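# Summary of the model geometry
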Amino acid sequence: MSANGSSETGCRSDVRPSNNTCSQREVSVTASAVSMTVGIFSNSLALVILVKSYNRIRIKSKASFLLFASSLVVTDLLGHLINGSLVLFVYSSHHKWETFDPHHIVCSVFGACMVFFGLSPLFLGSAMAVERCIGVTRPIFHSTALASYHMKMLLGLTWLLAALVAVLPVLLWRPYEVQSSRSWCFYHIEEPKDWLDMLLPLLFSMLGLLALLLSIVCNTLTSCTLLQARLRHKQHCTGTSHHIEMICQLLAIMFVSCMCWSPLLIRVIVLTTRAKDEPTSFSLLMVVRIATWNQILDPWVYILLRKAVLKKIFTLFHGCPKSHGQHRWQRSTLRSSMETTNLGVSPVTGLTPLGDCRCFGRLPLPDTAIKSIT
């Protein structure tokens with residue numbers, strides 16, 4: 001959700017142009033343009049990295065994760081392009097909605113885009129968490145019952161649900177309205193007329209909070225399962241490096257989403273059920289700006305938390321020379337390939353059930369051990 005990032009914090013203008021008391025300095029478009037530029041650059045860079053990884057990966061679970069991750073970055077990129085362009089158009093028109101939008105069409109599109117590009121990243125993040133949770137805790141079911149067709153269908157359903165919530169106010173003849181800052185459109189929150197005016201923003205907030213809660217539960221369960229497997233064997237489990245990479249990215253996405261979106265989702269609930277004389281423009285505008293940073297920070301999760309970067313961090317914290325760290329990583333990869341061939345791991349998924357994961361020490365396996373396994 002790319003909202004306006006202008007400096008109109010103290011703007012108390014009414015929706016009518018005659019009561020607009022904001023000065024030109026207060027409605028500067030500089031912050032919006034900078035936010036839009038940084039968001040487009042970050043998401044474009046992350047998309048290039050993810051597409052290259054998707055074309056190179058042959059492991060099914062990793063490919064499914066990269067499909068959702070690429071879709072999330074594309075959604076964020078489109079959010080910056082579409083909503084950012086609408087914000088720039090509003091500023092270029094000097095906030096005169098009555099002139100360029102007499103039929104309330106632009107405002108309806110603007111509000112629907114704000115809701116769609118706000119809920120879609122939350123839904124995609126929860127879908128990624130559920131997919132990884134199944135892949136780690138039930139790898140056989142994931143590899144046999146969940147095909148790439150099911151992953152693409154789940155992806156389409158998340159976008160469809162977000163689009164349905166976004167167009168619901170228009171279908172129910174409760175259109176989006178221009179907010180007090182006159183730079184964006186959202187639900188009718190100030191002085192709701194009836195229960196339907198309260199239901200729509202509450203539905204938006206509750207679905208967003210539910211998606212965050214689902215992500216927290218699934219990511220916690222996945223992380224605990226991997227940690228329990230390693231602690232049980234007290235050694236490094238081979239063939240799980242891509243699991244660690246994906247879990248680190250999921251935890252980072254979950255943390256960023258919670259920090260950026262929780263203030264807005266909770267604030268919408270408070271304002272919807274508040275006393276009628278409580279002002280809304282200032283507090284709502286501030287939390288929308290915070291939520292906008294989610295689309296800027298999301299792509300940097302995939303840029304910074306890649307396996308190559310994680311290897312360097314691992315080497316740095318363990319105080320190992322670079323060549324020794326790379327030699328150990330390559331040796332672990334070679335052992336993993338040998339075990340995949342000898343232990344009959346599925347060539348499609350590259351995974352064994354987590355409970356049967358073979359864990360070995362840091363030294364290479366002796367030949368007798370390999371012969372005994374084969």
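Here is what the cut-offs are and how they apply
Per-chain numbering applies: the sequence of each chain, read as written, is numbered from 1 onward. Only residues with pLDDT of 70 or above have their local features reported here, since the model is predicted, and side-chain atom pairs are shown and tallied only from 80 upward, although totals for entire chains, interfaces and linings are computed over all residues. To obtain the side-chain values, all non-hydrogen atoms of the structure were used and water was disregarded. To get an axis, a line is fitted to the C-alpha atoms, and for a helix only the part in contact is used. The angle between two axes follows their N-to-C directions and goes from 0 to 180 degrees. Helical segments are the DSSP runs of H or I of at least four residues, strand segments are the runs of E of at least two, and each set is numbered from the N terminus. Roughly parallel here means an angle under 35 degrees, roughly antiparallel means over 145, roughly perpendicular means 65 to 115, and every remaining angle is called oblique. In this scheme the crossing of two helices becomes right-handed for a clockwise turn of the near helix relative to the far one and left-handed for an anticlockwise turn of less than a right angle. Whether two residues touch is decided by their heavy atoms; if any such pair falls within 4.5 Å, the residues are in contact. Count a disulfide wherever a pair of cysteine sulfur atoms falls within 2.5 Å. Between buried and exposed lies partly exposed: a residue is buried under 20% and exposed over 50% of the maximum accessible area for its type, with that area taken using a 1.4 Å probe on protein chains only. Under the convention used throughout, the expected extent of a helix is 1.5 Å for every residue step, that is, one less than its residue count. Two kinds of site are reported from a 1 Å grid over the protein atoms alone, namely cavities, where a 1.4 Å probe fits but cannot get out, and pockets, open sets with protein on both sides within 12 Å along at least five of seven lines, and residues are called lining when an atom falls within 4 Å of a point. Grid points are joined across faces, edges and corners, and a volume is the space filled by probe spheres set on the points. By the convention adopted, Pro, Cys, Tyr, Trp, Phe, Met, Ile, Leu, Val and Ala count as nonpolar, Lys, Arg, Asp and Glu as charged, and the other residues, Gly among them, as polar. A residue's pLDDT is simply how confident the predictor is in it, with values from 0 to 100. Between Lys or Arg on one side and Asp or Glu on the other, a salt bridge is scored when a side-chain nitrogen of the former is within 4 Å of a carboxyl oxygen of the latter. Each Phe, Tyr or Trp ring (for Trp, its six-membered ring) is paired with any other whose centre lies within 6.5 Å, and the angle between the two planes then decides the class: stacked below 30 degrees, edge-to-face above 60, tilted in between.

Take the packing of helix α4 (residues 105-137) against helix α6 (residues 148-171) next. Between α4 and α6, the shortest axis-to-axis distance is 8 Å and the interhelical angle comes to 150°. Considered as vectors, α4 and α6 are oriented roughly antiparallel to each other. Relative to α6, α4 is oriented so that their crossing is right-handed. Mapping the contact onto sequence places Ser-108, Ala-112, Val-115, Phe-116, Leu-119, Ser-120, Phe-123, Leu-124, Ala-127 and Glu-131 in α4 and Met-151, Leu-154, Leu-155, Thr-158, Trp-159, Leu-161, Ala-162, Ala-163, Val-165, Ala-166 and Val-170 in α6.

On to the state of the cysteines. A covalent bond bridging the sulfur atoms of two cysteines is what the word disulfide describes. Summed over the entire model, instances satisfying the criterion amount to one disulfide. Each disulfide pairs two cysteine sulfurs, and for Cys-107 the partner residue is Cys-185, the sulfurs being separated by 2.2 Å. Across the S-S bond of Cys-107 and Cys-185 the torsion is about -125°, and the bridge reads as left-handed. In this pair, Cys-107 is assigned in helix α4 and Cys-185 in strand β2 (residues 185-186), connecting sequence segments 78 residues apart. Comparing Cys-107 with Cys-185 shows no difference in burial state: the two are buried. The thiol sulfur of Cys-133 is not disulfide-bonded, and the nearest other cysteine sulfur, from Cys-218, lies at 4.7 Å.

The terminal C-alpha atoms of α4 lie 48 Å apart, and with 33 residues this matches the ideal 48 Å at 1.5 Å per residue to within 8%. Counting buried positions along α4 gives 27 out of 33 residues, so the element sits mostly inside the fold.

We note that His-94 has phi near 60°; this positive angle belongs to a residue other than glycine. Secondary-structure assignment places His-94 in the loop between α2 (60-92) and α3 (97-100). For Trp-173, which is not glycine, the phi torsion reads 60° and is therefore positive. By the secondary structure assignment, Trp-173 is in the loop between α6 and β1 (177-178). The exposure class of Trp-173 is exposed, given its relative accessible area of 75%.

This paragraph deals with empty space enclosed by the protein. One pass over the full model with this rule turns up four cavities of 30 Å³ or more. Of the pockets and cavities examined, the largest cavity occupies roughly 70 Å³. Top element by residues in the lining of the largest cavity is helix α8 (residues 241-272). It accounts for four residues. Residue composition of the lining of the largest cavity, by class: six nonpolar, four polar and no charged.

Looking at the chain as a whole, its pLDDT mean stands at 75, while 69% of the residues score no less than 70. Of all helices and strands in the chain, the one with the weakest mean pLDDT is helix α12 (residues 367-373) (41), whereas α6 scores best (93). Predicted confidence is poor over residues 5-27, with pLDDT under 50, and the contacts of this stretch with residues over four places away or in other chains come to 52 contacts. Contacts of residues 332-374 to residues separated by more than four positions or lying in other chains number 59 contacts, the stretch itself having pLDDT below 50.

Time to look at the environment of Val-29. Mapped onto the secondary structure, Val-29 falls in the segment before α1 (30-56). Exposure remark for Val-29: the relative accessible area of 30% places this residue in the partly exposed category. Sequence spacing of Val-29 and Leu-88 is 59 residues, and the spatial spacing of their C-alpha atoms is 7.2 Å. Val-29 has contacts with Leu-88 and Tyr-91, leaving out every residue within four places of it along the chain.

On to the pattern of salt bridges, then. Within this structure, the stated rule accounts for four salt bridges. Where Glu-131 meets Arg-132, a salt bridge forms, and the shortest distance between an N and an O atom there is 3.2 Å. Taken as a pair, Glu-131 and Arg-132 share a single burial class, namely buried. As a salt-bridge pair, Arg-174 and Asp-197 come within 3.2 Å of each other at their nearest N and O atoms. You can see Arg-174 sitting in the loop between α6 and β1 and its partner Asp-197 sitting in helix α7 (residues 195-233), a full 23 residues away along the chain. By relative accessible area, Asp-197 is classed as buried at 7%. Salt bridges sharing common partners tie together Arg-174, Asp-194 and Asp-197.

What follows deals with the packing of aromatic side chains. Overall, the coordinates contain eight aromatic pairs when judged by the stated rule. Aromatic side chains Phe-116 and Phe-117 sit 5.0 Å apart centroid to centroid with 80° between the ring planes, which places their arrangement in the edge-to-face category. An identical accessibility class is assigned to Phe-116 and Phe-117; each is buried. Within the aromatic cluster, the residues linked to one another by ring pairs are Tyr-176, Trp-184, Phe-186, Tyr-187 and Phe-204.

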